[in-house]
Amino acid sequence: MPIRQLSETMINQIAAGEVIERPASVVKELVENALDAGASRIEIVTSAGGLNLIRVTDDGSGIPEPELSLAIARHCTSKLAEDINDIRSLGFRGEALPSIGSVSRLSIRSRTALGDSAAEIGIEGGRVLPVRPAAANRGTTVEVRDLFFATPARLKFMKGERAESSATSDVVKRIAIAFPAVRFTLAGSDRSTLELPATDDSPEGSLRRVAQVMGAEFPDNSIAIDAMREGVHLTGHVSIPSFTRANALQQYAYVNGRPVRDKLIAGAIRGAFADVLPRDRHAVTVLFLSLDPAIVDVNVHPAKADVRFRDPGLVRGLIVGAIRQALADAGIRSATTGAAGMVAAFRPGAAPYNHGGPANGHRSYEAAFHASGSGFDPSRSPQRPLDMQFEGAGFERAGERHGGFGEPDQAAFDTGALASADARAGQSEAAETLLGTVLGAARAQVHENYIVAQTRDSLVIVDQHAAHERLVYEALKNALHSRPVPSQMLLLPEIIDLPEEDAERLAMHAETLARFGLGIERFGPGAVAVRETPSMLGETNVRQLVRDLADEIADNDTVETLKERLDKIAATMACHGSVRSGRLLKAEEMNALLRQMEATPGSGTCNHGRPTYIELKLADIERLFGRR
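Residues numbered from 1 in each chain as written. Predicted model: local features only at pLDDT ≥ 70, side-chain atom pairs only at ≥ 80, totals over all residues. Heavy atoms only, no water.

Let's hear about the overall build of the protein: which residues, and what values?
A count of helical and extended segments in the protein gives 21 helices and 27 strands. Out of the 628 residues in the protein, the part that is buried amounts to 44%. Within the protein, contacts between residues at least 6 apart in sequence are counted, and of these 66% link residues at least 24 apart. Counting every atom, the protein has about 32600 Å² of accessible surface; 53% of that belongs to carbon and sulfur. (Helix = DSSP H or I, 4+ residues; strand = E, 2+ residues; numbered from the N terminus. Buried < 20%, exposed > 50% of the residue type's maximum accessible area, 1.4 Å probe, protein only. Contact = heavy atoms within 4.5 Å. Areas by Shrake-Rupley, 256 points an atom, 1.4 Å probe, with all protein chains shown as cover.)

Structure below.
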């Protein structure tokens with residue numbers, strides 16, 4: 001087949017294959033156009049997951065009538081000057097509208113602030129319709145119908161209506177977080193309406209918008225981030241270690257206001273929380289990176305979902321360092337979800353009837369009487385008083401037989417003195433200063449593992465083994481990283497063949513690796529010699545360790561793999577060297593443990609990511625007893 005010039009329609013359809021992956025991609029492009037036009041209100045309507053209808057209406061600056069025909073032409077844009085390295089808008093290629101129009105029925109109706117009337121233009125499967133007068137308010141309405149009707153093969157790759165609607169909601173939420181001063185509405189016959197009222201661009205307004213998208217629990221369980229390094233500014237919020245999710249879907253990252261899914265940022269977040277989260281849990285984050293557009297390339301992905309930094313090591317180091325510093329500065333905090341689960345566990349459940357009944361466990365006494373074969377039996381009633389005795393068909397008050405409150409009956413519950421039941425035995429009331437601390441004053445040890453403490457307005461339950469495990473681990477880490485790691489000399493150097501570029505990268509990081517006890521030097525072309533390994537690792541697979549380090553340096557320009565292995569050994573040592581469950585503690589020991597927890601960063605979770613303590617507010621306790 002001879003080489004020939006493709007038609008304009010074919011070119012646009014090829015571009016649509018890169019840019020327009022699904023209905024959510026169309027919504028993303030149109031909403032970004034509305035934001036670039038300065039809109040303060042954006043309304044999105046969809047039908048059938050966006051395949052039948054997508055309508056985006058904004059109150060932005062609008063498109064003048066003479067420019068409507070240019071707006072649907074390829075590579076025509078008002079957002080880019082002559083410098084491709086100075087991109088300050090969300091869109092810049094000028095490909096979205098012609099690409100959408102080549103695979104759907106597209107109409108654009110717009111009116112500027114100074115225009116007397118609106119104008120409308122349309123495209124059907126790449127065929128441009130003439131401009132005609134229309135009626136509209138200031139702003140632009142873009143309507144997309146019958147998406148992919150011109151390329152029916154693409155419809156076979158679409159997911160169900162619910163999945164496409166969910167993807168559209170996710171796109172709108174991600175964009176909305178970065179623009180709190182804009183009101184977003186997402187509605188349609190295929191979804192429940194999503195309303196995100198406008199707040200403002202202040203940090204407080206931004207956090208309110210985050211709460212609208214991610215739930216009211218996140219602000220109460222998050223830590224503010226604000227750090228700057230070499231012209232790169234990082235702001236946002238991250239969750240405390242005890243507030244996590246099962247996946248990373250609630251990790252939002254923005255570069256100069258642009259939502260991105262960047263593996264470098266995701267890896268940095270994972271590295272920052274590596275010490276405090278289990279491998280199957282993920283932090284909740286909202287991070288904003290602001291930097292000179294000249295040092296970040298946003299033109300590396302057709303949908304602009306990925307970016308490339310000129311200095312990726314700088315960005316990764318900033319994110320990891322800022323998050324770890326914020327976690328350390330925040331001190332010890334417990335997630336509010338722990339208290340909520342505890343309150344739910346204490347709430348009275350359904351009555352344990354042996355017969356069938358409604359799902360909620362509630363039924364009338366009359367229904368219960370007829371449902372039970374032998375009638376109502378007060379001795380089996382879950383509502384019976386504790387001091388009730390039953391004789392035959394009738395019953396009499398225990399107090400009438402024994403006097404008072406039935407002491408002989410209650411004596412059955414007296415199991416003798418419990419050695420660990422009350423930390424206050426023989427002790428005076430806790431000092432007021434202890435009640436004012438974060439974890440309060442120790443009051444008791446129950447089940448020989450849990451410390452019960454009291455603050456001025458809450459009850460705190462501490463897992464003594466998990467808490468001490470974290471304390472020992474942090475002490476071991478500080479000792480490990482405050483000086484060079486002891487190493488052991490190999491009897492015979494391990495010669496490892498590697499690609500030349502990997503060997504060169506390892507040689508460049510040899511000094512850093514030596515601090516962690518790994519002695520590496522070049523051994524001719526495409527090889528390195530390992531002469532020393534960290535003593536803590538014992539007998540280890542040196543070849544696999546070096547190859548893993550080479551891969552990590554190639555990806556992130558760091559040597560975290562070796563550090564993580566050493567930290568893992570420290571965690572194992574801490575687990576075996578900490579206070580075991582079942583050990584009785586004196587009041588002084590319990591209070592000393594609480595004070596050490598308050599002074600140790602990250603002590604809200606153990607080395608395995610489990611919470612070390614749960615706090616139940618006095619207000620929650622009073623609600624359980626109906627006092628509020």
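Describe the sheet that holds strand β14 (residues 258-260), listing the residues and the values that go with them.
As summarised here, the arrangement of the five strands in space is β10-β11-β16-β13-β14, forming an open sheet in which the pairing is mixed. Edge strands, defined here as strands with exactly one partner in the open sheet, are β10 (222-229) and β14. This sheet shows a mean twist of 20° between the axes of neighbouring strands, independent of strand direction. Here three bridges tie strand β13 (residues 251-255) to β14, and the two strands are oriented antiparallel to one another. Note that in β14 the partner of Val255 across the bridge is Arg258. Packing against the sheet, helix α5 (residues 161-178) makes contact with β13, β14 and β16 (285-290), and its axis sits at approximately 55° to β13. Across the sheet, helix α6 (residues 203-214) lies against β11 (232-239), β13 and β16, angled at about 135° from β16, the strand it touches most. (Pairing = 2+ DSSP bridges. Axes fitted to C-alpha atoms, helices over the stretch in contact; angles between N-to-C directions.)

Go over the packing of helix α15 (residues 464-481) against helix α20 (residues 587-599) with me, naming the residues and quoting the values.
Direction vectors running N to C along α15 and α20 enclose 50°, while the axes themselves pass 10 Å from each other. Between α15 and α20, the interaxial angle falls into the category oblique. The handedness of the crossing between α15 and α20 comes out as left-handed. Counting all contacts with α15, which are made through Gln464, Ala467, His468 and Leu471, the residues of α20 involved are Leu593, Gln596 and Met597. A per-class count over the contact of α15 with α20 returns four nonpolar, three polar and no charged. (Parallel < 35°, antiparallel > 145°, perpendicular 65-115°, else oblique. Left-handed = near helix turned anticlockwise from the far one by under 90°. Nonpolar A, V, L, I, M, F, W, Y, C, P; charged D, E, K, R; others polar.)

Now, about the sheet that holds strand β23 (residues 458-463): what can you tell me, with residues and values included?
Overall, antiparallel pairing links the four strands, which are arranged β21-β22-β23-β27 in an open sheet. Edge positions in the open sheet fall to β21 (441-446) and β27 (613-617), since each of these has one partner strand only. Mean inter-strand twist for the sheet, computed between neighbouring axes without regard to direction, equals 20°. Bridge count between β23 and β27: five bridges; the pairing is antiparallel. If you follow Val462 over to β27, its bridge partner there is Tyr613. Seen against the sheet, α15 touches β21, β22 (450-454) and β23 and runs at an angle of roughly 70° to β23. Running over the sheet, α20 touches β21, β22, β23 and β27 and is turned about 115° from β21.

Let's hear about the packing of aromatic side chains: which residues, and what values?
The description of two aromatic rings rests on the distance between their centres and on the angle between their planes. Overall, the coordinates contain one aromatic pair when judged by the stated rule. Arranged with centres 4.9 Å apart and planes meeting at 15°, the rings of Tyr254 and Phe288 form a pair that is stacked. Taken together, the residues Tyr254 in strand β13 and Phe288 in strand β16 connect sequence positions 34 residues apart. The class of Tyr254 is buried, set by a relative accessible area of 1%. Relative accessible area serves as the criterion here: at 16%, Phe288 is assigned to the buried category. Across the ring face of Phe149, the terminal group of Arg105 is positioned such that the distance to the ring centre comes to 3.9 Å. (Phe/Tyr/Trp six-rings, centres within 6.5 Å; stacked < 30°, edge-to-face > 60°. Lys NZ or Arg CZ within 6 Å of the ring centre and 35° of its normal.)

Could you give an account of the environment of Glu65, with specific residues and numbers?
Position of Glu65 among the secondary structure elements: in the loop between β2 (53-58) and α3 (68-71). Accessibility expressed as a relative area gives 49% for Glu65, which makes it partly exposed. Apart from the residues lying within four places of it in its own chain, the contact partners of Glu65 are Ala119 and Val131.

Explain the side chain of Ser206 residue by residue, including any values.
Along the chain, Ser206 falls in helix α6. You can call Ser206 buried: its relative accessible area is 17%. Excluding residues within four positions of it along the chain, Ser206 makes contact with Pro180, Thr199, Asp200 and Phe288.

So, to be careful, I would describe these as geometric facts and stop short of saying anything about function.
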